[in-house]
Amino acid sequence: MGKVRTVLGDVDSADLGMVYAHEHLIISGGLGVMKKSDLLLDSVEAACMEVEDVKQYNVKTFVDMMPLDCGRHPERLVEISKRTNTHIIATTGFHKPMYYDDIHWIYSYTEDQIRELLVAEITEGMDRHSYNGPIVERISARAGLLKGASDYNRISAVSRKLFAAAAGAQLLTGVPISTHTEEGTMGLEQIRLLTDLGVDPASIIICHTDRNPDPEYHFAMLQSGVYLEYDNASRIKYWPDSMIVDLILKVVEAGYEDQILLGTDFALRSYWKSYGGGPGMAHLAASFIPRLKRNGLSDETIAKFMVHNPARAFQIKEQRGG
């Protein structure tokens, strides 16, 4: 095992314990919140309440997937980590274009300039303002993950540039890349794009793929060697949990249990008990995992999803760039 970069410093990947692999602990504002107020998750108190609720199920690590200049707040992540005594892995990189206005610097900066900004967040420290202003003020907490994103059934030109910058930063730093797929589409295209740029599939995590619960599609992605992150549990507006349970059973039966991660992606107030919504972040550990066990998955397989696979997926790989 290697090292994983958390907001409080590097830790042994074996010390992560149980991992929630795709969360949104803080969304402090931004264009996304202006478009949809339910995205505003700006309370440290509320986040700590949700984390403490999850901790009773022995979860120790949370991967915060909010990227640059769309509500990420590094200092609040540090505060949550300290107050709850948990590991938090922070993200640098980018969401899909709808989170940025049409004159944002993602359109005007070159791929090389953007790559340098990402590398600095990983090696020197995250910008206190998440690069939303001309003055950069780095804090000691560093990002441990890169992010790229695509739209429904397409990867726009600017997203391709951002993926390329993230791939370059991955090769220079060794931290993994986790991606957003819109409704589970474009996973194979993301894999091809990143691997063509030199990224090892073992350093790629494709997220939200259970929004598209076609087993053959999942097998095709998994054959490349990437990790898939599932976070659709409790979202009845998309599929009943039985659909996701069935997908996971088929993936395990096909021999891919070593490449699956689980998270909640509860990026809305209406999902959090601490904001008066539900089912709350604990749903994954309290309800969905027991359901997987009732459907025949062993404790050993669950431990792979929650402990062993994340320990490999989020560790810093040997640097191959120069």
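Each remark here, short or long, concerns the structure printed above.
Please read these numbers as outputs of a predicted model, since none were measured by experiment.

Trainee: Even after reading the chapter, I still don't get the overall build of the protein, so can you show me in this structure?
Mentor: When its secondary structure is counted, the protein shows 11 helices and 11 strands. Since a compact globule built from 322 residues should have a radius of gyration of about 20 Å, the 18 Å found for the protein is in line with a globular shape. Along the three orthogonal principal directions, the C-alpha set of the protein runs to about 55 × 40 × 40 Å. Considering the protein as a whole, with its 322 residues, one finds that 60% of them fall into the buried category. Summing over all exposed atoms, the protein offers an accessible surface of approximately 12300 Å²; the carbon and sulfur share of this is 48%. Mean positive and mean negative side-chain charge positions of the protein (33 and 43 charges, respectively) differ by 2 Å.

Trainee: Teacher, can you tell me more about the layout of surface pockets here?
Mentor: Summary: where empty space remains is shown by rolling a probe the size of a single water molecule over the atoms. Of the pockets and cavities examined, the largest pocket occupies roughly 480 Å³. What lines the largest pocket is a set of 26 residues, and nearest its centre among them are Lys96, Tyr99, His180, Arg211 and Asp265. Classifying every residue of the lining of the largest pocket by side-chain character gives nine nonpolar, seven polar and 10 charged.

Trainee: Just checking my understanding: could you explain the side chain of Thr209 for this structure?
Mentor: Positionally, Thr209 belongs in the loop between strand S9 (204–207) and helix H8 (215–222). In this structure Thr209 touches Thr181, Gly184, His218, Met221, Leu228, Glu229 and Tyr230, once residues within four positions along its chain are discounted.

Trainee: Can you walk me through the sheet that holds strand S3 (residues 18–23) in this structure?
Mentor: As a general point, the strands of a sheet are linked pairwise by backbone hydrogen bonds and lie either parallel or antiparallel. Strand order in the open sheet formed by three strands is S3-S4-S5, and the pairing between neighbours is parallel. Of all strands in the sheet, those with a lone pairing partner are S3 and strand S5 (87–89), marking the two edges. Going from strand to strand, the sheet's axes swing by 20 degrees on average, the running direction of each strand aside. Bridging between S3 and strand S4 (residues 59–64) involves four bridges; their strand directions are parallel. When the sheet's bridge partners are listed, Val19 is paired in S4 with Thr61.

Trainee: Please clarify how the environment of Ala90 should be interpreted in this entry.
Mentor: Mapping Ala90 onto the fold places it in the loop between S5 and strand S6 (91–93). Among the residues examined, Ala90 registers a relative accessible area of 0% and is labelled buried. With 26 residues separating them in the primary sequence, Ala90 and Asp64 have C-alpha atoms 5.3 Å apart. Sequence-distant contacts of Ala90, that is, excluding residues within four places in its chain, are made with Val7, Asp64, Leu77, Met126, Ala143, Gly144 and Leu145.

What counts as what
Residues numbered from 1 in each chain as written. Predicted model: local features only at pLDDT ≥ 70, side-chain atom pairs only at ≥ 80, totals over all residues. Heavy atoms only, no water. Helix = DSSP H or I, 4+ residues; strand = E, 2+ residues; numbered from the N terminus. Rg over C-alpha atoms; globule rule 2.2 N^0.38 Å. Buried < 20%, exposed > 50% of the residue type's maximum accessible area, 1.4 Å probe, protein only. Areas by Shrake-Rupley, 256 points an atom, 1.4 Å probe, with all protein chains shown as cover. Lys, Arg positive; Asp, Glu negative; His and termini not counted. Charge placed at Lys NZ, Arg CZ, Asp CG, Glu CD. 1 Å grid on protein atoms, 1.4 Å probe; cavity = no way out; pocket = protein on both sides within 12 Å on 5 of 7 lines; lining within 4 Å. Points joined across faces, edges and corners; volume = space filled by probe spheres on them. Nonpolar A, V, L, I, M, F, W, Y, C, P; charged D, E, K, R; others polar. Contact = heavy atoms within 4.5 Å. Pairing = 2+ DSSP bridges. Axes fitted to C-alpha atoms, helices over the stretch in contact; angles between N-to-C directions.

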